[in-house]
Each structure stands twice: as C-alpha cells, then as structure tokens.
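Now for the letters of each chain:
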Amino acid sequence: MKTSDLRIALFSGNYNYVRDGANQALNRLVEYLLRTGAQVRVYAPTTDTPAFEPTGDLISLPSIPIPGRPEYRLSGGVNRRIRRDLAEFNPNVVHVSAPDISGHRAVTWARRRNLPVLASVHTRFETYFRYYNMAWFEPVVEAMLRRFYRRCDALVAPSESFAQVLRDQRMNYDIDIWSRGVDRNLFHPGLRDMAWRRSLGIADDEIVVGFHSRLVMEKGLDVFSDTIDELRRRGVVHRTLIVGDGPARAWLEARLPEAIFAGFMSGKDLGKAVASMDVLFFPSTTETFGNVSLEAMACGLPVVAAAATGSQNLVDNGRSGRLIRPGAVHQFAEALRAYVEDPALRAEHGAAGEKRSEAFSWDQINQVVADTYIRLIRQKEKAATA
C-alpha cells in the first residue's frame, strides 16, 4: 500500500477558524497528503470569518460557541448529513484530532465499520483548568480523555516527552511521534530588521526579551509577567516585546504597561518579529511540542522555556537555551539575566539552536503520519483475515 492509496477522513475541532499551532500543522499535513496523491476529507466547525483559507475539502460540522470562550466552537456531533458524506467518501482510515463530541461520534462510526482510527494529540487539555481555578477538575478530565484515546487504535504525539506523559497516563500504548517542522524561508536570522525595531521605539543597543503566542492565560502569562517584574527589580535593563493577540491581551497590557505589544503577525512578518528579538522567553507548560521555541531557534535565538513537555525535546539545556522548573520565577529571571548581559553567550546558544532546527523537515515529519495510517490499515486487514 502506498500513500496515494489513502482515503483519510479527518475530524478537527478547529481547522481554520482560529489560527493556532495545531491547526496549522493539520493544514500542512493535508497539503502534503494531497500532494502525494492521497484523498482527504476534513470535517470541522466553520465560521463566516475564518482566520485563514483551509487546505483541501472542508465539510462544516454543526457547532455552537463555547461559553466563556466564544472564539472557539464546540462541535455538535456527526449528523445524518455528515454520515451520508462519509459514506460517499468511503474512507479507509479515520483521523481524529480533538476529543470533542464529533471526535467521539467519528470513532464510533469508524469502529462499527472496522476502520482504523488514529488520534493526534495536540494539547494538554487537562492542564488548562489550572489557569481557571479549577485544578480539582483535572483528574476528571484526564479520565474522560483516557476513555476517548483508548478507543482509538493508535496516537501520534508531537514529542517524545509528551508521548511518555500519555503512556504514564495510560491513554494508549501505540504512540508514534508526529513532530513539527519549521519553514526556513519564514524563520531565519537574516530576517532581523533593525529599522522595524526602531519603529517600535527600541534602540539598536537594547536587548529584547520576546514572547510570541496566542495571548491566553494557559500560555503562562502570569509567570511571564512575574518574571519581567523580577528582572526590573534586579535592575536588568531590557525591553519586552510581545507578539500575538488573544482574549488575555487586555490583562497582559494592564499587567505590563511598559511592554511593547506588536499584535498578531504571520508569515514573513512574524519571522521578522521573532528574528528581531534577542532571546525568547516562553514559560508555558501546556505545549505538546513547542512550535514557538522551534521558530525562535531557527531565527538564531536562545530560548528560556519551562522544563515541560515539548520544549524538553527541543531546547538543549545549557547549550541552546535554558529549561527551568515550571513557575520558578527567580530561576527564569536569572536565566534571562545571563542572556541579556552576555552577548557572547547569546550568540553561542543562538547558533546551537539554529543548528538544531535544521533537523525539522515538514515532508519527512508528515510522512510519519502517512506511514502510521498505512500500518493501521494493514493491521486491521490482517486481523480481519485471521
């Protein structure tokens, strides 16, 4: 069986209506699969104002806004219209990327037809509740996730560290690594733009501590702001540059009034912004891979990140950046101080990170998923004949 023999039904909770690392990875995967001759049908909630054009055929799932987070939508299942479309498409493998209602219904639909199901795990959903004073609910969510993922034939996770977390949580025991790549045309040191920095009021000799991500509390914004305060208390002279937008932007602007907010950026504009920083600070503990860290490394920046899933497999502690115990504000501040005050250390660790980023090719990475589809199909066929 070849990649061109695949017919994949892909279910996503957010394929293109809000831009994030997970759905950009899914769109890249679909682009690669279509380019190599596979057939793909995507099922996901849609809106009238998507963040970007979807790759491939996108079928709209019924959905409603999530209470308290209306920018996201909760799919309402697989109705008769969707089942009819699935039957006409006749997939030979089902891929689910979110443990929502539609994901559950898609798994049930596939199991009744003895089709293999692959789940890609993009987010540590159970950890989100820590940021909304609901940590007590985390074990309940973990149990719900376990029930979902154990119904799938296999999982793919973005990093080995996260795969081990999933094994420890007994989510599944067939787990491949679907890493993430970086577009070296969009992220490289040559995009550093001093004129753009000056337009933001940053002097050429000022050191920029940067952050770029969607601005939501689960990205560790509380730890980020506490650490910036600690740098100021220590008299570490720097500028803080924040690239991104989201529902927590107003909170962060009030919390860090002296920071520079560049807003949402994408493509080469984002690459320019990242390359124009001097060090990336990313204390999030909810990442499963850490696209933000990889993009900064490709731009030649040292990275200070939380020693958590994702970044642990990217940042070589003490060689291309620093991995700090989650929430350890004083240790984060000390690591940042070293980079702010030592240009030779910044250059050495930035160069090491750029070298490390060269290993992440999107086509090689996406072929891993295609190979996993093929393996699962063969396993199902062998079990059926046995």
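This section reports on the structure supplied with the text.

## Describing the sheet that holds strand E12 (residues 260-263)
Taken together, 6 strands build an open sheet; the order of strands is E12-E11-E10-E13-E14-E15 and the sheet is parallel. Both edges of this open sheet fall to E12 and strand E15 (321-324), since each of them pairs with a single strand only. When strand polarity is set aside, the average angle formed by the axes of neighbouring strands in this sheet is 20°. Pairing of strand E14 (residues 303-306) with E15, which is carried by 4 bridges, proceeds in the parallel orientation. Bridge assignment links Val 304 to a residue of E15, and that residue is Arg 322.

## Considering a nonpolar patch on the surface
Taken together, Ile 64, Ile 66, Leu 74 and Ile 101 make up a surface patch of nonpolar side chains, about 300 Å² in accessible area. Mapped onto the elements, Ile 101 comes out in helix H3 (residues 101-112). Since its relative accessible area comes to 34%, Ile 101 is described here as partly exposed.

## Notes on the pairing of strand E4 (residues 63-66)
Here E4 pairs with strand E5 (residues 69-75) via 4 bridges, running antiparallel. Residue pairing across strands places Ile 64 opposite Leu 74, the latter belonging to E5.

## Notes on the packing of helix H10 (residues 291-298) against helix H12 (residues 343-357)
In contact at an axis separation of 7 Å, H10 and H12 are set at 110° when each is read in the N-to-C sense. Between H10 and H12, the angle is such that the two are roughly perpendicular. Of the two possible hands of crossing, H10 and H12 adopt the one that is left-handed. On H12, the residues touching Leu 294, Met 297 and Ala 298 of H10 are Gly 350, Gly 353, Glu 354, Arg 356 and Ser 357. Counted by class, the contact of H10 with H12 contains 3 nonpolar, 3 polar and 2 charged residues.

## Focus: the pairing of E12
Direction of pairing for strand E11 (residues 239-243) relative to E12: parallel, over a ladder of 3 bridges. Paired with Ile 242 across the two strands is Phe 261, which belongs to E12.

## Details of the environment of Val 208
Tracing the backbone through its elements, the reader meets Val 208 in strand E10 (residues 208-212). Judged by its relative accessible area of 0%, Val 208 falls in the buried class. With 19 residues separating them in the primary sequence, Val 208 and Thr 227 have C-alpha atoms 14 Å apart.

## Here we look at the environment of Val 243
Structurally, Val 243 can be placed in strand E11. Distance from Val 243 to Glu 253, taken between C-alpha atoms, is 12 Å for residues 10 residues apart in sequence. Non-local contacts of Val 243, meaning those with residues more than four positions away in its chain, are made with Phe 211, His 212, Ser 213, Ala 262, Gly 263, Met 265, Leu 270, Ala 273 and Met 277.

## Remarks on the pattern of salt bridges
All told, the structure shown has 30 salt bridges when counted by the stated rule. Between Asp 278 and Arg 197 there is a salt bridge whose closest N-O contact spans 3.2 Å. Pair noted here: Asp 278 is in the loop between helix H9 (267-275) and strand E13 (279-282) and Arg 197 is in helix H6 (residues 194-199), with a separation of 81 residues, a long-range link. For the residue pair Asp 278 and Arg 197, the accessibility class agrees, reading buried in each case. Of the charged contacts, one joins Arg 337 and Glu 341 as a salt bridge, the two residues approaching to 2.7 Å between their closest N and O atoms. Placement of the pair is Arg 337 and Glu 341 together in helix H11 (residues 329-341), with a separation of 4 residues, close to one helical turn. Classification of Glu 341 as partly exposed rests on a relative accessible area of 48%. Taken together, the shared-partner salt bridges in this structure form one network comprising Glu 230, Arg 233, Arg 234, Glu 334, Arg 337 and Glu 341.

## Focus: the sheet that holds strand E1 (residues 7-11)
By definition, the strands of a sheet pair up through backbone hydrogen bonds, in either a parallel or an antiparallel sense. As summarised here, the arrangement of the 7 strands in space is E3-E2-E1-E6-E7-E8-E9, forming an open sheet in which the pairing is parallel. The open sheet is flanked by strand E3 (57-60) and strand E9 (175-177), the only strands paired with a single partner. Across the sheet, the mean angle separating the axes of adjacent strands is 25° when strand polarity is ignored. Relative to strand E8 (residues 154-157), strand E7 (residues 117-120) is paired through 3 bridges, and the arrangement is parallel. Counterpart to Ser 120 in the pairing with E8 is Val 156. Packing against the sheet, helix H2 (residues 80-89) makes contact with E1, strand E2 (39-44) and E3, and its axis sits at approximately 175° to E2.

Cut-offs used in this document
Residues numbered from 1 in each chain as written. Predicted model: local features only at pLDDT ≥ 70, side-chain atom pairs only at ≥ 80, totals over all residues. Heavy atoms only, no water. Pairing = 2+ DSSP bridges. Helix = DSSP H or I, 4+ residues; strand = E, 2+ residues; numbered from the N terminus. Axes fitted to C-alpha atoms, helices over the stretch in contact; angles between N-to-C directions. Patch = residues over 30% accessible without salt bridge, like charges linked within 9 Å, V, L, I, M, F, W, Y side chains within 5 Å. Areas by Shrake-Rupley, 256 points an atom, 1.4 Å probe, with all protein chains shown as cover. Salt bridge = Lys/Arg side-chain N within 4 Å of Asp/Glu carboxyl O. Buried < 20%, exposed > 50% of the residue type's maximum accessible area, 1.4 Å probe, protein only. Parallel < 35°, antiparallel > 145°, perpendicular 65-115°, else oblique. Left-handed = near helix turned anticlockwise from the far one by under 90°. Contact = heavy atoms within 4.5 Å. Nonpolar A, V, L, I, M, F, W, Y, C, P; charged D, E, K, R; others polar.

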